[in-house]
Amino acid sequence: MGDNAARTAYCGLYCGDCIPSQARLFELLQELRGIAAELHLDDYAALIARRDEAFRDYAAFEKMLALLSGLRCPAPCRGGGGKPTCAIRECALDKDFAGCWECPDRRGCALLEPLRAFHGGSIDGNLDAVAEHGVEGWADRRGKHYPWS
């Protein structure tokens, strides 16, 4: 299986575009958390907070780093990554489909609605592109993964 096929999720998203799949980000988060602990950055922030109130929120910063670190996706959807229980993946596999692009009912699929709400027209456009160009040839035609990208 080529890289595009391996990174093509059953729903038509491209795993390489997803923030939780960005390994370098999570390496840096882990490194930052380690350095911050080693330097006792929390204690330093408490000292600085005496003159700059923004440093009073250091615990929220640490919490955010921990939460972000927990979002890491270890592999593309087809390689065991993504949500552990994904109704879309389960549906496609139950129907013996390579992905939703093979489903004649995909336009009205309720399982895809939450993705449509977040990713907009990219879901249907991506599924159409995969259906037309195959899992190896569609990726250059994919839509925006996130509304801001």
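Anything mentioned here points back to the structure above.
These notes cover the structure that comes with them. This one's a predicted model, so the numbers in the text were calculated from it and none came from an experiment. (Residues numbered from 1 in each chain as written. Predicted model: local features only at pLDDT ≥ 70, side-chain atom pairs only at ≥ 80, totals over all residues. Heavy atoms only, no water.)

Looking at the secondary structure, you find Leu 29 in helix α2 (residues 23–38). Sequence-wise, Leu 29 and Ser 69 are 40 residues apart; in three dimensions their C-alpha atoms are separated by 6.4 Å. Sequence-distant contacts of Leu 29, that is, excluding residues within four places in its chain, are made with Leu 65, Leu 68 and Ser 69. (Helix = DSSP H or I, 4+ residues; strand = E, 2+ residues; numbered from the N terminus. Contact = heavy atoms within 4.5 Å.)

As a further point, take helix α5 (residues 87–94). Those residues of α5 that fall on the buried side of the exposure criterion are Ile 88, Arg 89 and Ala 92. Buried residues along α5 cover an arc of 100° about the axis, so they all sit on one side. For α5, the secondary structure elements touched by its buried residues are α6 (113–119). Just beyond α5, the residue with positive phi is Asp 96, at close to 60°. (Buried < 20%, exposed > 50% of the residue type's maximum accessible area, 1.4 Å probe, protein only. Arc of directions from axis to C-beta.)

A complete count under the given rule lists 8 salt bridges for this structure. Put simply, Glu 113 and Arg 116 hold a salt bridge, and the shortest N to O gap is 2.7 Å. Within this pair, Glu 113 and its partner Arg 116 are both found in helix α6, separated by 3 residues, close to a single helical turn. Using a relative accessible area of 12% as the deciding quantity, one classes Arg 116 as buried. Among the charged side chains, a salt-bridge network with shared partners connects Arg 106, Arg 107, Glu 113, Arg 116, Asp 124 and Asp 128. (Salt bridge = Lys/Arg side-chain N within 4 Å of Asp/Glu carboxyl O.)

Now for the packing of aromatic side chains. In total, this model carries 5 aromatic pairs according to the counting rule given. Between the aromatic rings of Phe 118 and Tyr 146, the centroid separation amounts to 6.1 Å while the plane-to-plane angle is 85°, which identifies the pairing as edge-to-face. Of this pair, Phe 118 sits in helix α6 while Tyr 146 sits in the segment after α7 (122–137), placing them 28 residues apart in sequence. Relative to Trp 148, the ring of Phe 118 lies with its centre 6.4 Å away and its plane at 80°, an arrangement referred to as edge-to-face. Placement of the pair is Phe 118 in helix α6 and Trp 148 in the segment after α7, with a sequence separation of 30 residues. Judged by relative accessible area, which is 39%, Phe 118 ranks as partly exposed. Taking the ring centre of Tyr 10 as reference, the NZ or CZ of Arg 78 above it sits at 4.2 Å. (Phe/Tyr/Trp six-rings, centres within 6.5 Å; stacked < 30°, edge-to-face > 60°. Lys NZ or Arg CZ within 6 Å of the ring centre and 35° of its normal.)

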